[in-house]
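Observations on the three-dimensional arrangement
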Amino acid sequence: MKGRIHNFNPGPAALPLPVLEEIQAEFLNFKGSGMSITEVSHRSKSFDEVIEDAAARVKRLLKLDDSFHVVFLQGGASFQFCMVPMNLLPDGQHADYVNTGTWATKAINEARIQGKTVNVAASSEDRNFSYIPRQISFMPGGAYVHITSNNTIKGTRWATFPDTAGVPLISDMSSDIMSKPFDPSPFGLIYAGAQKNLGPAGATVVIIRQDMLERVPQHLPAMLKYTSFVEKNSMFNTPPCFAIYMIQLVLKWLEETIGGLENMEIINRQKADLVYQAIDKSEFYTGTAEKESRSLMNVTFRLPSESLEKEFVKQAAENGMAGLKGHRSVGGCRASIYNSTPMEAVKALVDYMDEFARKSG
Ligand SMILES: *Cc1c(COP(=O)(O)O)cnc(C)c1O
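This section reports on the structure supplied with the text. For clarity, every value in this text was computed on a predicted model and none was experimentally measured.

On inspection of all chains with the given rule, the structure shows 18 aromatic pairs. Ring geometry for Phe284 versus Phe356: centroids 6.0 Å apart, planes at 55°, classification tilted. Of the two residues, Phe284 is situated in the loop between helix 8 (261–280) and strand 11 (286–287) and Phe356 in helix 10 (residues 343–360); the sequence distance between them amounts to 72 residues. Looking at Phe356, the relative accessible area reads 1%, which means it is buried. An aromatic cluster is present here, built from Phe284, Tyr285, Phe301, Phe312, Tyr352 and Phe356 joined pairwise through their rings. The residue whose ring lies beneath Arg127 is Tyr131, and the NZ or CZ to ring-centre distance is 4.1 Å.

In structure tokens:
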């Protein structure tokens, strides 16, 4: 569509154009209600259908059985950093965390600040979080194992999840949820801020297994308890209605247009392969993540100098490509190619990379 550019933002990030168009078309009169989706009651039948459908699609896409609940919360993934240990890590027990970068570090800090006992079972800090550790020392008797499935800033991801020998696995999946199928059965809880792969900012999807709810301490304030939201189907208080509606439409696109997570993974691999090939074949670009740990969602790379990186990002913007600057904490460049980033955008990026290297290398 005219005037729209190729968007490689890390989050909030690109969303499927057909979804944006659908929202635009029904924005003033939602499903014949005579009101905008932003004006209808969250207790209305029309919104009830939206939230029910969104949760049902999460379950279908991830093949979750009835032991899992899907709720929509607020506060972003960062709020889950504190809510997870508050609800699921009983005093006197410990939890194992694997530290794979900025977000994992924050999750660890938010547990410790509550006086909880955290065992850092593995860390890749020794090489600037450029890989996913394979040597993991779980401490027996842990309440859960926490990982970050995709490290948005460092550009790494768990290609396969660690074997926790029955201890519930908990993952921050903010930047790769719905990017591929996986076996959900080892997971006690999964959370994801919506603004990378699911929709706009403002909603957090939390998937929680029934047995985990038994741990929720009675003394917590209602707004901090998972049980409050599970018991009321995300309607303990007014949920982020518009964000949930958009998530519903993105999931519908994923199921009905893309054809589910198996297809999505194939497309995501093709997109990522194109960018990594452009990096690997050149002497100009250097990938910052170790090969076996490379993310399919966030491709991080360096150029020969910081001034060239600046120029790369600047000229990309002039050529209709946004969001290629690396996170402020690491520098360099990063192309975020989530589910919604079309293949044409990736091809345009790769062409631009080739040309920039030729001109400047
Ligand atoms: C973006 C991101 C976060 C932070 O999400 P907020 O919704 O801003 O709190 C946490 N974890 C990961 C993996 C992320 O990519």
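In the neighbourhood of the ligand, 13 residues make up the surrounding shell, with Ser78, Thr152, Asp172, Gln195 and Lys196 lying closest. In this structure, Ala77 approaches the ligand through a main-chain N or O atom, which is 3.1 Å from an oxygen atom. Here an oxygen atom of the ligand sits 2.7 Å away from a polar atom, N or O, in the side chain of Lys196. Broken down by element, the residue count for the shell around the ligand peaks at 4 residues, all from helix 3 (residues 76–88). Taken together, the residues of the shell around the ligand sort by class into 3 nonpolar, 8 polar and 2 charged.

Counting 52 residues, the largest nonpolar core has Met178 and Ile207 as its most contacted members. For this core, the elements supplying multiple residues, two or more each, are helix 1 (17–25), helix 2 (45–62), strand 2 (68–73), strand 5 (145–148), strand 9 (187–193), strand 10 (204–209), helix 7 (241–258) and helix 8. At 12 residues, the largest contribution of residues to this core is made by helix 7. Those residues within four positions of Met178 in sequence are excluded, and the remaining contacts are Val58, Leu61, Leu62, Leu198, Leu251, Leu254, Leu261, Met264 and Asn339.

Moving on, we get to the pattern of salt bridges. Within this structure, the stated rule accounts for 19 salt bridges. Glu262 is the salt-bridge partner of Lys63, the closest N and O atoms lying 3.4 Å from each other. Highlighted residues: Lys63 in the loop between helix 2 and strand 2 and Glu262 in helix 8, separated in sequence by 199 residues. By relative accessible area, which is 57% here, Lys63 ends up exposed. Owing to a relative accessible area of 40%, Glu262 belongs among the partly exposed residues under this scheme. Of the charged contacts, one joins Arg209 and Asp211 as a salt bridge, the two residues approaching to 2.7 Å between their closest N and O atoms.

Pairing within the open sheet is antiparallel, and its 3 strands lie in the order 11-12-14. Each edge of the sheet is formed by a strand with only one pairing partner; in this case those strands are strand 11 and strand 14 (333–336). Relative to strand 14, strand 12 (residues 298–302) runs antiparallel, the two being bridged by 4 bridges. Following the sheet pairing, Phe301 is matched in strand 14 by Cys333. Taken strand by strand, helix 8 contacts strand 11 and strand 12, and its axis lies near 10° from that of strand 12.

Read across the sheet, 7 strands follow the order 2-10-9-8-5-3-4 without closing on themselves; strand pairing throughout is mixed. Looking at which strands have only one partner, the edges of the open sheet turn out to be strand 2 and strand 4 (117–123). Each adjacent strand pair in this sheet contributes to an overall mean axis angle of 20°, direction not counted. Direction of pairing for strand 8 (residues 169–172) relative to strand 9: parallel, over a ladder of 4 bridges. Looking across to strand 9, one finds that Ser171 is bridged to Ile190. Seen against the sheet, helix 3 touches strand 2, strand 3 (94–99), strand 8, strand 9 and strand 10 and runs at an angle of roughly 155° to strand 9. Along the sheet, helix 4 (residues 102–112) contacts strand 3, strand 4, strand 5 and strand 8; its crossing angle with strand 3, the most-contacted strand, is approximately 160°.

What counts, and where the lines are drawn
Residues numbered from 1 in each chain as written. Predicted model: local features only at pLDDT ≥ 70, side-chain atom pairs only at ≥ 80, totals over all residues. Heavy atoms only, no water. Phe/Tyr/Trp six-rings, centres within 6.5 Å; stacked < 30°, edge-to-face > 60°. Helix = DSSP H or I, 4+ residues; strand = E, 2+ residues; numbered from the N terminus. Buried < 20%, exposed > 50% of the residue type's maximum accessible area, 1.4 Å probe, protein only. Lys NZ or Arg CZ within 6 Å of the ring centre and 35° of its normal. Near = heavy atom within 4 Å. Polar contact = N/O pair within 3.5 Å; in protein donor to acceptor, adjacent residues only side chain to side chain. Nonpolar A, V, L, I, M, F, W, Y, C, P; charged D, E, K, R; others polar. Core = buried A, V, L, I, M, F, W, Y, C linked by side-chain atoms within 4.5 Å. Contact = heavy atoms within 4.5 Å. Salt bridge = Lys/Arg side-chain N within 4 Å of Asp/Glu carboxyl O. Pairing = 2+ DSSP bridges. Axes fitted to C-alpha atoms, helices over the stretch in contact; angles between N-to-C directions.

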